[in-house]
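Reading the structure
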Amino acid sequence: MKEAAKKVWEECLDFIKDNIDEGPFNVWFAPIEPVSLEDNILKIKVPSQYFLEWLEENYISLLRLAMRRTLGEHSRLFYIIDSPIQKQPLPSTNRPELAKQSLALPELKDPQLKNPFVIPGIREITVDSQLNLHQNFDNFVEGESNRFARSAGISVANKPGGTAFNPLFIFGGVGLGKTHLAHAIGVDIKEKFPKKKVLYVSSEKFTQQFSNASKDKEKNALNDFIHFYQLMDVLIVDDIQFLSGKVRTQDAFFHIFNHLHQNNKQVILTSDKAPVDLFDIEQRLLSRFKWGLSAEIKAPDYQTRYKILQNKFLNDGTPINEDIVAYLAENIRTNIRELEGVSNSLIAQAAFNRKEYSIELAQSIIEKSVKNHQSILTIDHIQRIITDYFNLALEELHSKTRKRNVVQARQLAMYFAKKYTKNSLAVIGSQIGQRDHATVLHACKTVENLIITDREFKKYVSDLESKFSD
Ligand code: ADP
Ligand code: MG
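Predicted model, so just to flag it, every value in this text is computed and none were measured.

Along its length, the chain carries 20 helices and ten strands. Across the 470 residues of the chain, 50% fall into the buried class. Sequence-distant contacts, at least 24 apart, represent 74% of the contacts inside the chain between residues at least 6 apart. Accessible surface computed for the chain: about 23300 Å², of which carbon and sulfur atoms make up 50%.

Spelled out as structure tokens, the structure:
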């Protein structure tokens, strides 16, 4: 049965291949798997609901023709959706019926696309790029730690979609300049190619919009959402690691990505980890992340820290002596955000107290604000910070209690341990109250979801973040 299905499907594919380009063929037909053939019904497996809808919408006549040629007038196609969220096969349908059910997609030029980033226009849609003009190449200091990523960014900005760096995947730790570089590339593209539709979006916002569109009762909301993104010439998605575990959002992003990539549109992604270290991101997305170029931004060396500080004081019009700059560059080694934080405090305090800038003042600010434990955060340390913060005993954190506050504190400990240490889920679970790796994974997802949905919870997370801040 399977053999027969394979043979028929191969014949169909031969026909289809002759009728469409190789790019779309590889994206939309190569992933389909023939399953069985019985009574002129060919069962095929498609990767997802979106995939199916897209296929139906764009290639229905071609498919129908291919089927008719190989199996005759009374042939039928039966889809099985192979998606981790929807394991059941779709009910048996014959093709014309399904075509009727499938969602009507709006014309690509529809100016009415519902998306918060759209500025209503007369004919063309105008997109608010959401770019921060203050984060550009002019004020992005070049150093050993970011040279490679920066120059890749410049290449991309000169020829968006026209280099092998697609997607450009920028990764590195907290506060090292990923977001700044991503904006700089977008700003530069907008300057060079004002007509190009460039959009910057954080993964958090993307997820939120996807979730709103899914809940929207209006029938085209989800298609509008996806199509809106597919209209971009340059799409920048910040902190892509945030999509971890969000299967449906990843699925939507997959289709947007394919469409853009296939049409030589530029995709720029940032992440706190290299593609290989991301967890709970679907394989097919991870493999696509590796198609282009991955560029790491590393922690800045002394020279770069010095230059960044010098630049900052210069831009603020604050004359400051070299010894103090050197002292700061020597003593704040963690990240650039911290470097900026301290220099801002220094400027503010000196102004407020009418003090001279001095090494003593710099020293006292550093002591108060920088935690120089230099990423040797351990699970123990994280648990201590969490128990202090929530005023719990360690035994309580480890206990079997289902009390909401304790459960949340435990989940936060697991989440931060995953985020800030290199331990496996199993090790984290065993150290935080003898739980298994699945519990830790669940905790990570729960925390990520609560960050979006629960304002109070989000506040805990950002308070705690500041205590960990590298
Ligand atoms: P990330 O996204 O990696 O967490 P950001 O891009 O938000 O980090 O950078 C943190 C801060 O440091 C921002 O204010 C940014 O402008 C500044 N910054 C980062 N890299 C540089 C650089 N090379 N030159 C100047 N400022 C930088
Ligand atoms: Mg960032």
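Our next topic: the confidence of the model for the chain. As a general rule, the predicted coordinates of low-pLDDT regions are not to be interpreted in detail. Mean pLDDT for the chain: 85, with 89% of residues reaching 70 or above. Below pLDDT 50 for its whole length, residues 84-113 participates in 56 contacts with residues either more than four positions away or in separate chains.

Our next topic: the pairing of strand β6 (residues 168-171). What you see with β6 is no split at all: Leu168 and Ile170 on one side and Phe169 and Phe171 on the other are buried throughout. Sheet analysis places β6 next to strand β9 (residues 266-271), joined by four bridges and oriented parallel. Bridged to leucine 168 within β9 is isoleucine 268. Summarising the sheet, β6 and strand β10 (residues 293-296) pair through four bridges and their orientation is parallel. Of the residues in β10, the one forming a bridge with phenylalanine 171 is glutamate 296.

Before going further, it helps to examine a negative patch on the surface. A contiguous patch of negative charge on the surface is contributed by Glu3, Glu10, Glu11, Asp14 and Asp18. Owing to a relative accessible area of 39%, glutamate 11 belongs among the partly exposed residues under this scheme.

Okay, the site of ligand 1 next. In the neighbourhood of ligand 1, 17 residues make up the surrounding shell, with Val141, Gly175, Thr179, His180 and Glu340 lying closest. Here a nitrogen atom of ligand 1 and a side-chain polar atom of asparagine 146 are 3.3 Å apart. Histidine 180 places a side-chain nitrogen or oxygen 2.6 Å from an oxygen atom of ligand 1. In the complex, 89% of the free accessible area of ligand 1, which totals 560 Å², lies under the protein chains. Contributions of two or more residues to the shell around ligand 1 are made by α6 (178-192) and α13 (336-352).

Spatially, the three strands line up as an open sheet ordered β1-β2-β3, and their pairing is mixed. Looking at which strands have only one partner, the edges of the open sheet turn out to be β1 (33-38) and β3 (76-81). For this sheet, the mean angle separating the axes of adjacent strands, direction not counted, is 25°. Where helix α1 (residues 2-19) meets the sheet, it contacts β1 and β2 (41-46), and its direction lies at approximately 115° from that of β1.

All told, the structure shown has 14 salt bridges when counted by the stated rule. Lysine 419 serves as the salt-bridge partner of glutamate 465, at 2.8 Å between the closest nitrogen and oxygen. Residue glutamate 465 is found in helix α20 (residues 455-468), and its partner lysine 419 is found in helix α17 (residues 404-420); the two are separated by 46 residues along the sequence. When its relative accessible area of 19% is taken as the criterion, glutamate 465 is described as buried. By relative accessible area, lysine 419 is classed as partly exposed at 30%. Several salt bridges share partner residues, and in doing so they unite Glu142, Glu144, Arg147 and Arg150 into one network.

Moving on to the sheet that holds strand β8 (residues 234-238). Across the sheet, which stays open at both edges, the five strands sit in the order β7-β8-β9-β6-β10 with parallel pairing between neighbours. With partners counted over all chains shown, the strands left at the sheet margins are β7 (198-202) and β10, one partner each. Averaged over all pairs of adjacent strands, the angle between strand axes in this sheet comes to 15°, irrespective of strand direction. Pairing of β7 with β8, which is carried by five bridges, proceeds in the parallel orientation. From the neighbouring strand, valine 198 faces β8, where its bridge partner is valine 234.

Counting residues in each nonpolar core, the largest one holds 33 residues, and the members touching the most others are Phe225, Tyr229, Leu235, Phe253 and Phe289. Broken down by secondary-structure element, the contributors of at least two residues to this core are β6, β7, α7 (203-215), α8 (221-230), β8, α9 (247-262), β9 and α10 (283-289). Among all residues touching leucine 235, those that are not within four sequence positions of it are Leu199, Val201, Tyr229, Phe253, Ile256, Leu260, Gln266, Val267 and Ile268. The next biggest cluster of nonpolar side chains, apart from the first, holds 30 residues, and it includes Ile44, Leu55, Leu62 and Leu77.

Bringing the packing of α8 against α9 into the picture now. Direction vectors running N to C along α8 and α9 enclose 35°, while the axes themselves pass 9 Å from each other. When you trace α8 past α9, the crossing you get is right-handed. Between α8 and α9, the residues in contact are Phe225, Ile226, Tyr229 and Gln230 and Ala252, His255, Ile256, His259 and Leu260, respectively. By residue class, the composition of the contact of α8 with α9 is six nonpolar, three polar and no charged.

Conventions adopted
- Residues numbered from 1 in each chain as written.
- Chains lettered and ligands numbered in written order.
- Predicted model: local features only at pLDDT ≥ 70, side-chain atom pairs only at ≥ 80, totals over all residues.
- Heavy atoms only, no water.
- Helix = DSSP H or I, 4+ residues; strand = E, 2+ residues; numbered from the N terminus.
- Buried < 20%, exposed > 50% of the residue type's maximum accessible area, 1.4 Å probe, protein only.
- Contact = heavy atoms within 4.5 Å.
- Areas by Shrake-Rupley, 256 points an atom, 1.4 Å probe, with all protein chains shown as cover.
- pLDDT = per-residue confidence, 0-100.
- Pairing = 2+ DSSP bridges.
- Patch = residues over 30% accessible without salt bridge, like charges linked within 9 Å, V, L, I, M, F, W, Y side chains within 5 Å.
- Salt bridge = Lys/Arg side-chain N within 4 Å of Asp/Glu carboxyl O.
- Lys, Arg positive; Asp, Glu negative; His and termini not counted.
- Charge placed at Lys NZ, Arg CZ, Asp CG, Glu CD.
- Near = heavy atom within 4 Å.
- Polar contact = N/O pair within 3.5 Å; in protein donor to acceptor, adjacent residues only side chain to side chain.
- Axes fitted to C-alpha atoms, helices over the stretch in contact; angles between N-to-C directions.
- Core = buried A, V, L, I, M, F, W, Y, C linked by side-chain atoms within 4.5 Å.
- Left-handed = near helix turned anticlockwise from the far one by under 90°.
- Nonpolar A, V, L, I, M, F, W, Y, C, P; charged D, E, K, R; others polar.

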